[in-house]
Amino acid sequence: MDKNVLSPGKLLDASGSLVQSGYAFYQAKEYDRGDIRASKLRIKEWDYYCFADEEYAVALTVADNSYMSLASASVLDFKRFGYLTKSKIGAFPRGKLKLPSACEKGDTSFVKGGVKIEFSCDADGKRKLCCEYKKYLGKDGFECEIELEKPVGDNITIATPFDKPKQFYYNTKINCLRGKGRFRLGEFTHEFANGMGVLDWGRGVWPYRNVWYWSSLSAEIDGKAFGLNLGYGFGNPSGTENVIFFDGKAHKLNNVTFDIPYTKNEYDYLKPWKVCDDEDRLNLMFYPMIDRKDRMNAVVLSTDQHQVFGRFYGKAVLDDGTTIDVDGKTGFAERVVNKW
C-alpha cells in the first residue's frame, strides 16, 4: 500500500502535531479543534460550496478564522460574464461558530446583521444550503435554497504539514454533488437545471504568509459524473490532492501546474491557461469567463484572490489508460495569496 495513504485514527497527537500526513479517498482522520496546541488565533476553519449549471453559479462560504468570522455569498452569471459578491464579517469568533468536525455530519450556521447562511446534512447524507441576504444589491435582497443528493463514491482528503510542527491543513473536497434548487435576486429568479456542486471543507493551523492554487470541475460526460480536483503551492505535502473523478471513482494524479499568462510583471487571469500534470495524464486548456477577484490590504492583513471561472478543453487519462475528452465543461481555477 502507498505509504502516503492516510489510515483511520486521530488527526493530531498529544503535542498537536499531525499523526500522519498524506491523502485518502475518504475522510480517514478524526479532527477535533480541542486537540490543537498552537495559538488559537492561527486556527482557520471553513465550509465552502459552489453549485452551478451552464448559466449561473452560487458560491457560499462560512468561515471561522479565529480573529474574524466570514459569511460570503456570490452569484456568477456565465451568460453575461458578470458576478456579485457580498460578505459579512465578525470579530474574534474563536470557534464560536462551532463548524462541524467532519464533512459528512453536522450543521453550519451564520446569522448576523440581516445575513443568514445555513448548511445542513441529514442522517441520510443529503444536504441543504440556505442563504438569506436582506440587502444584497442596493435594497434588493438575495436568497437561495439548494438541495444536494448524498455523495456517491470517493472524495479526496489531505493532511498536509507546514514548516512548524503544530501547523497543518486538513481538507476534504467532495466533487460532483448532484442537486436542485433556486436563487432569487430582487425580482429575478433562476431555477437550476442539472446542477452540480463541490464542497471544500477545510480545517487547520496556517502560517501567516501563504499562497495556493486550486482548480475544481464537476460535470457530466457520457452520462457519468466527471470531476477534477487540482491543487498545490502550500505546505509540505507527502501526497497531492490531485484527482480525476469518474463515475464515483478517484484516479490519482501526481504533480500539476497552472500556466497562467504573465505579462508586464503581473498575471493576466483572463487569458487562456494551460493545466497539465507531470505524467501526461492531464492536458487541458482553460478559457476564462469571469475573474471573481477580491483584494484587500490592511497592512498587517492582506489578500489577493482570483477565482477564475471558465471552460475546460482537453484530455484526462484514468488509471486504466482510458482517455476522457473534456469539451467545454465549466469549472474554476484560482490563485490566492494571503497574509492572514
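Some points on the packing of aromatic side chains
For step 1, the next point in the chain: Going through the model one piece at a time under the given rule, you end up with 37 aromatic pairs.
For step 2, the next point in the chain: Note on Phe 286 and Phe 312: the rings are 4.6 Å apart at their centroids and 35° apart in plane angle, and the pair reads as tilted. Placement of Phe 286 in strand 24 (residues 282-298) and of Phe 312 in strand 25 (residues 301-317) is noted, with a sequence separation of 26 residues between them.
For step 3, the next point in the chain: Here Phe 312 falls in the buried class, since its relative accessible area comes to 0%.
For step 4, the next point in the chain: Among the aromatic side chains, those forming a connected cluster through ring pairs are Tyr 213, Tyr 232, Phe 258, Tyr 262, Tyr 267, Tyr 269, Trp 273, Phe 286 and Phe 312.
For step 5, the next point in the chain: Looking at Lys 44, its charged tip hangs above the ring of Trp 340, at a distance of 4.7 Å from the centre.

As for the environment of Leu 148
For step 1, the next point in the chain: Residue position: Leu 148 is located in strand 11 (residues 140-148).
For step 2, the next point in the chain: Given a relative accessible area of 3%, Leu 148 falls into the buried group.
For step 3, the next point in the chain: Sequence separation between Leu 148 and Met 196 is 48 residues, and the spatial gap between their C-alpha atoms is 8.5 Å.
For step 4, the next point in the chain: Once you skip the residues sitting within four places of it in the chain, Leu 148 turns out to touch Tyr 49, Phe 51, Lys 126, Arg 127, Leu 129, Leu 177, Arg 178 and Gly 179.

Some words on the side chain of Asn 175
For step 1, the next point in the chain: Along the chain, Asn 175 falls in strand 13 (residues 168-185).
For step 2, the next point in the chain: Looking at Asn 175, the relative accessible area reads 7%, which means it is buried.
For step 3, the next point in the chain: Looking at Asn 175, its side chain comes within polar contact range of the main-chain oxygen of Leu 217, at 3.1 Å.
For step 4, the next point in the chain: At 3.1 Å, the side chain of Asn 175 forms a polar contact with the backbone oxygen of Leu 228.
For step 5, the next point in the chain: Non-local contacts of Asn 175, meaning those with residues more than four positions away in its chain, are made with Gly 197, Val 198, Ser 216, Leu 217, Ser 218, Gly 227, Leu 228, Asn 229 and Phe 245.

Thoughts on the side chain of Ser 302
For step 1, the next point in the chain: Position of Ser 302 among the secondary structure elements: in strand 25.
For step 2, the next point in the chain: Classification of Ser 302 by relative accessible area gives buried; the value is 16%.
For step 3, the next point in the chain: Excluding residues that lie within four positions of it along the chain, Ser 302 makes contacts with Met 296, Asn 297, Val 337, Asn 338 and Lys 339.

Here we look at the state of the cysteines
For step 1, the next point in the chain: As enumerated under the stated definition, the model contains zero disulfides in all.
For step 2, the next point in the chain: Summary of cysteine pairing: Cys 121 is not part of a disulfide, and the nearest cysteine sulfur, belonging to Cys 103, is at 8.4 Å.
For step 3, the next point in the chain: Look at Cys 121 and you get buried, because its relative accessible area is 13%.
For step 4, the next point in the chain: Cys 131 takes part in no disulfide bond, and the closest cysteine sulfur, belonging to Cys 144, lies 5.0 Å away.

Here's the deal with the sheet that holds strand 25
Strands pair in a sheet through their backbones, by hydrogen bonds, and they do so in one of two ways: parallel or antiparallel.
For step 1, the next point in the chain: Ordered in space as 19-18-17-16-26-25-24-23-20, the nine strands form an open sheet in which the pairing is antiparallel. Two strands close off the open sheet at either side, each with one partner strand: strand 19 (249-252) and strand 20 (256-259). The sheet shows a mean angle of 20° between the axes of neighbouring strands, taken without regard to direction.

Brief notes about the pairing of strand 6 (residues 68-77)
For step 1, the next point in the chain: Counting buried positions over the ten residues of strand 6 gives nine, a clear majority of the element.
For step 2, the next point in the chain: Sheet analysis places strand 5 (residues 56-64) next to strand 6, joined by nine bridges and oriented antiparallel. Opposite Tyr 56, over in strand 6, you have Asp 77 as the bridge partner.
For step 3, the next point in the chain: Once strand 5 ends, the chain turns through three residues before running back antiparallel as strand 6, passing Ser 66 with a positive phi of about 75°.
For step 4, the next point in the chain: Hairpin remark: strand 6 followed by strand 7 (residues 82-91), antiparallel, with four residues in the connecting loop; positive phi at Phe 81, about 60°.

About the cut-offs
Residues numbered from 1 in each chain as written. Predicted model: local features only at pLDDT ≥ 70, side-chain atom pairs only at ≥ 80, totals over all residues. Heavy atoms only, no water. Phe/Tyr/Trp six-rings, centres within 6.5 Å; stacked < 30°, edge-to-face > 60°. Helix = DSSP H or I, 4+ residues; strand = E, 2+ residues; numbered from the N terminus. Buried < 20%, exposed > 50% of the residue type's maximum accessible area, 1.4 Å probe, protein only. Lys NZ or Arg CZ within 6 Å of the ring centre and 35° of its normal. Contact = heavy atoms within 4.5 Å. Polar contact = N/O pair within 3.5 Å; in protein donor to acceptor, adjacent residues only side chain to side chain. Disulfide = S-S within 2.5 Å. Pairing = 2+ DSSP bridges. Axes fitted to C-alpha atoms, helices over the stretch in contact; angles between N-to-C directions.

From the geometry alone we can't say anything about function, so treat these as descriptive.
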